[in-house]
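# Breakdown of the fold
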Amino acid sequence: MSQAHWDDLWADRTPDEVSWFQAEPTESLALIRSVTSLDASIVDIGGGASRLVDALLGAGYSELTVLDLASAALAQCRERLGERAQDVDWVVGDVTTHEFGRTFDLWHDRAVLHFLVAPEDRNRYADAVRRSVAAGGHAVIATFSPSGPQGCSGLPVQRYDESAMIDLLSDGFEGIEFVESHHVTPAGASQDFLFGLFERLP
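An account of the accompanying structure is given in this report. This structure is a prediction, so every number in the text was calculated from the model and none was measured.

## So, the packing of helix 2 (residues 26–35) against helix 3 (residues 52–59)
With their axes 10 Å apart at the nearest point, helix 2 and helix 3 run at an angle of 40° to one another. Considered as vectors, helix 2 and helix 3 are oriented oblique to each other. For the crossing formed where helix 2 meets helix 3, the hand is right-handed. For the pair formed by helix 2 and helix 3, the contact residues are Ser28, Leu29, Ile32 and Arg33 on the first element and Leu52, Ala55, Leu56 and Ala59 on the second. Class assignment for the residues of the contact of helix 2 with helix 3 results in six nonpolar, one polar and one charged.

What follows is the structure, encoded as structure tokens:
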């Protein structure tokens, strides 16, 4: 993915102006809470200025990492959180190339995977999930569903159904729950998402 593209996008936007903005990350938080305890280590991929980290801190989670390609998005989130931002590990990086050097109990991604349209980038993403999730851990991944948009933020996307998600992570993960979600953007457009919950096999 192009860091310049995302830096330019965030240069003149606030978090509630981007199409994927959620005031309350309802689906993500419900799936995360269903498989973790409050001491779980969680990484939010493409978290940027998302409100998920606010919700996780508010729920009592304490070991949080947020990765995003756009430093400006992370800066907006840190500013919003104020002193609570010091309780989060902030990482500027590309999910397809970044090495965390550790594993997490849960990997969360809402709206990054579907921007990876090249097969080699999708494969690198899947490898990153396998390297980064501990045995017995989980991944919550949300992408545009087959009825979702064909493009977003000036870029093409790759839409997923359950079978495509399962195929991508078939080596090392088992799909255990899928949730369809209808998202309305701040501009009033409709976007259909599919959330997948996966368990890392031993």
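Alright, that's what it looks like, and here's the rest.
## Some words on the packing of helix 3 against helix 4 (residues 71–81)
For the pair helix 3 and helix 4, the least separation of the axes is 10 Å and the interaxial angle reads 35°. As for the relative orientation of helix 3 and helix 4, their crossing is right-handed in sense. In this structure, helix 3 uses Val53, Asp54 and Leu57 to contact helix 4, whose residues at the interface are Cys77, Arg80 and Leu81. Tallied by class, the residues present in the contact of helix 3 with helix 4 amount to four nonpolar, no polar and two charged.

Reading the values: the criteria
- Every chain is numbered on its own, with residues counted from 1 as its sequence reads.
- Reporting of local features is limited, given that this is a predicted model, to residues whose pLDDT is at least 70; pairs of side-chain atoms are given and counted only at 80 or more, and all residues count toward the totals for whole chains, interfaces and linings.
- As a rule here, side-chain values cover all heavy atoms of the structure and leave hydrogens and water aside.
- Axis definition: a line fitted to C-alpha atoms, over the contacting stretch in the case of helices. Angles run 0 to 180 degrees between N-to-C directions.
- Strands here are runs of E lasting at least two residues and helices are runs of H or I lasting at least four, both read from the DSSP assignment and numbered beginning at the N terminus.
- Any angle from 65 to 115 degrees is called roughly perpendicular, while one under 35 is roughly parallel, one over 145 is roughly antiparallel, and all others are oblique.
- Here a crossing is taken to be left-handed if its near helix is turned anticlockwise relative to the far helix by less than a right angle, and right-handed if that turn runs clockwise.
- In what follows, residue pairs with any heavy atoms lying within 4.5 Å of each other are defined as contacts.
- Gly is put with the polar residues, along with every residue not named as nonpolar or charged; the nonpolar set is Ala, Val, Leu, Ile, Met, Phe, Trp, Tyr, Cys and Pro, and the charged set is Asp, Glu, Lys and Arg.

Function cannot be read off these values alone, since they describe shape.
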